[in-house]
Each structure stands twice: as structure tokens, then as C-alpha cells.
Amino acid sequence: GSTSRISDKLTSPRSGSKVMERGRASPAIDSFGTSSTDNDSLEGDQELSPFSLKEGCSHEEIVEHMKSASHGVGLLTQLPGLPKQTFVSLDAVQWIHSHVDGINSQQQAIDLLQEMIKEKLICHASGDFSQKFITGFYLYHIVKGSKDESKGDSEPVGDLQGFENEWVEVEVKEDVDQDPLPSFLRATLPHPCSQVDQRGPLYKESHLEVDVQNKSDRVEWGHVKYQAKYRPVMAYEMVVKWVASSGTIITDLILGWARKAQLSGLQMIPIPADPFALPYSLKSDPLRGPLFIPLDTEALMGTKSYLF
């Protein structure tokens, strides 16, 4: 199977990024033309006009427009380990909310996409239809029309656990509390006071290909532990673990992530996961903070009065 390259996947280009089109593409589409133009514009130039799918249109028609290269949801380019016509769940929610009449909230868009999963029009990129629709950087693919596609790498793996070991997927949670005052300083504590959602795992793990630029002449590998949910108002944590990797390769990987995060308006701060490496618990890193394990020498002595 293919090994995940997190830095490549999170920034992979997408095809069909336009969400506007010219003219009328379907009887179920209402085109809103823009008649006013700037005085300096050439006569006859027309701006791209947004479209809207009528309320009550079939789910099959919505899927067909999601696949459009000109105004669709924006499909990911073909990558090893991913089926064809793969998209990001958060992009689909925003696309449905913006272009389908009668969808007035994000939750309504999520419910509609969940119905599409039940109708087997879309599916999680692993091929597991039991995986519910989750908003965020979760990968789903369009099932309808894929039977005519060529067989091979475009088929889903059909193994949810194996897919999660190779691809990083993060749920995005909205900040419902807009009060700038921290909860512990308020006159009345909200219920629940904790902002941590206990449903589902707090962290997930995946394989990590550390030598993304193929600089090393030996096999190097690692793992990444990351928070399952991302909240815009809270810090997000990723932990890189490795044994068979060199320090320079890990440094290049982390610094590359930091540069790409800065281009996206995020600040990534590399810090040691265990800066002091103290054996404060039985789960401490034995390579950096060795634990003293007492040995029962009396059991080794037998009938002797001394061990050595």
C-alpha cells in the first residue's frame, strides 16, 4: 500500500476549483446574470454568474453538478490510494449550502450529504458505507458513475482501519461560544464547562513517511499522533514519533510543515513532546528517560550464597 505523505496531501491541488459558470447548464439551475459592469470594461464582457439548484431537485442531479469541472465541489487530483472523484467533506458542505435552494444552515447540508451516503451516491474514500459524514478534512468520493471507470488504483481499498493508517483526517468543530471572556472567569459557568468533546477519540494515529524528498539512502519511517478534532479558537497538536529516522530528515520535515502552515495563515511552533524526558511514569520514553527496574536476585541464586 502507499505510505502517507501528510505534507503533500494537505496541500494537494484540486481540479475544478471554480464555483461559477457562464449561462444555464441545466433546467434545475437558476442563473443570476450580472448586467452592470464597470465603465472601463469592454462592451460585451460578462462576469461569471453564480448558479443555484432549485429546491426539491434530485440527489442524483446534485451529484452530477458536484462532479462538474467548472462549477463543481472541487475534486482532488488523482493520488495513489484514493478513488477517483474524491472531495473534502468541508468543501462539500459549503458547496451544498451555497448552491442548493432550501439549504439554510450547515446542519441541513450535512443531513443532505448523509442521505446521499444512505442512497450510496457518495461514500467515504475507504469504501466503507458505514462511515458517517463528518465535516472537516475527511475524504469522500462520488460512487455514481464510477462503475464505468477503469479498474485498478481508482478503486477504494474497502478497509477503514487501513485507510486511517495511511491518511490523516481531522474533524472541524465550530466555535459555538462567541463570548471572548474565558469560561472560568464568568459569573455563571456554562454547562458543560469543558470545551473538550468526549465523543470519539481525542487523538488518532497514522503512518508517516518522514523522508518526503528522498534524501536518505536508507529506509526511514515514523508515526504521527494528532488531535481528532480541530477548533479554530484552540491550539491544535500533532506529535511526530520516530525510531528509524535521522535528525536532519525530521528537521526538514517539520520546518517544511511550518512554512506551508504560514502560507495558509497558521503558525506552527515545533516543540519537544517530552522536553525533560523524566521517568515520571511507566509510560515514559525508555530511550530518553530509562526506568530503573529492580531485579530479584534471590531467585537467581538458587542454593548458592552469592550471585557472582
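The rules behind the values
Residues numbered from 1 in each chain as written. Predicted model: local features only at pLDDT ≥ 70, side-chain atom pairs only at ≥ 80, totals over all residues. Heavy atoms only, no water. Salt bridge = Lys/Arg side-chain N within 4 Å of Asp/Glu carboxyl O. Buried < 20%, exposed > 50% of the residue type's maximum accessible area, 1.4 Å probe, protein only. Helix = DSSP H or I, 4+ residues; strand = E, 2+ residues; numbered from the N terminus. Expected span 1.5 Å × (residues − 1). Pairing = 2+ DSSP bridges. Phe/Tyr/Trp six-rings, centres within 6.5 Å; stacked < 30°, edge-to-face > 60°. Lys NZ or Arg CZ within 6 Å of the ring centre and 35° of its normal. Patch = residues over 30% accessible without salt bridge, like charges linked within 9 Å, V, L, I, M, F, W, Y side chains within 5 Å. Areas by Shrake-Rupley, 256 points an atom, 1.4 Å probe, with all protein chains shown as cover. Axes fitted to C-alpha atoms, helices over the stretch in contact; angles between N-to-C directions. Parallel < 35°, antiparallel > 145°, perpendicular 65-115°, else oblique. Left-handed = near helix turned anticlockwise from the far one by under 90°. Contact = heavy atoms within 4.5 Å. Nonpolar A, V, L, I, M, F, W, Y, C, P; charged D, E, K, R; others polar.

An unreviewed UniProt entry lists the chain under the name Dep domain-containing protein 5, with Triatoma infestans given as the organism.

A. Here's a closer look at the pattern of salt bridges. For the structure on display, the rule yields five salt bridges. Lysine 67 is the salt-bridge partner of glutamate 64, the closest N and O atoms lying 3.3 Å from each other. For glutamate 64, a relative accessible area of 40% puts it in the partly exposed group. A salt bridge links glutamate 220 to arginine 218; the shortest N-O distance between them is 3.4 Å. A relative accessible area of 9% places glutamate 220 in the buried class. With a relative accessible area of 51%, arginine 218 lands in the exposed category.

B. A look at helix H6 (residues 247-263). Compared with the 24 Å implied by 1.5 Å per residue over 17 residues, the 25 Å span of H6 between its first and last C-alpha is a close match. Listed as buried for H6 are Ile249, Ile250, Leu253, Ile254, Gly256, Trp257, Ala258 and Ala261.

C. Molecular detail of the sheet that holds strand S7 (residues 136-137). Here we have three strands laid out as an open sheet, ordered S7-S9-S12, and mixed in their pairing. For this open sheet the edge positions go to S7 and strand S12 (229-230), each flanked by a neighbour on one side alone. With two bridges connecting them, strand S9 (residues 170-172) and S12 associate as parallel partners. If you follow valine 172 over to S12, its bridge partner there is tyrosine 230.

D. Structural view of the packing of aromatic side chains. In this structure the tally under the stated criterion is four aromatic pairs. Considering the side-chain rings of phenylalanine 87 and tyrosine 140, the 6.5 Å spacing of their centres and the 25° angle between planes classify their relative orientation as stacked. Of this pair, phenylalanine 87 sits in strand S5 (residues 86-88) while tyrosine 140 sits in strand S8 (residues 139-142), placing them 53 residues apart in sequence. Among the aromatic residues, ring-to-ring pairing joins Phe87, Phe133 and Tyr140 into one connected group. Against the face of phenylalanine 129 rests lysine 120, its NZ or CZ located 5.3 Å from the ring centre.

E. How the structure looks around a nonpolar patch on the surface. Taken together, the side chains of Val219, Trp221, Val243 and Leu287 present a nonpolar region at the surface, about 490 Å² in accessible area. Here leucine 287 shows up in the loop between H6 and helix H7 (298-301). Since its relative accessible area comes to 69%, leucine 287 is described here as exposed.

F. Focus on the packing of helix H3 (residues 89-99) against helix H4 (residues 106-118). Where H3 contacts H4, the two axes come as close as 9 Å, and the packing angle between them is 110°. Between H3 and H4, the crossing angle belongs to the class labelled roughly perpendicular. In this structure, H3 meets H4 at a crossing whose hand is right-handed. Contacts between H3 and H4 involve Leu90, Ala92, Val93, Ile96 and His97 on the former and, on the latter, Gln106, Ala109, Ile110, Leu112 and Leu113. For the contact of H3 with H4, the residue count by class is eight nonpolar, two polar and no charged.

G. Looking closely at the environment of glycine 162. Among the structural elements, glycine 162 can be located in helix H5 (residues 160-166). Note on glycine 162: relative accessible area 22%, which makes it partly exposed. It is 8.3 Å that separates the C-alpha atoms of glycine 162 and serine 126, two residues lying 36 residues apart in sequence.

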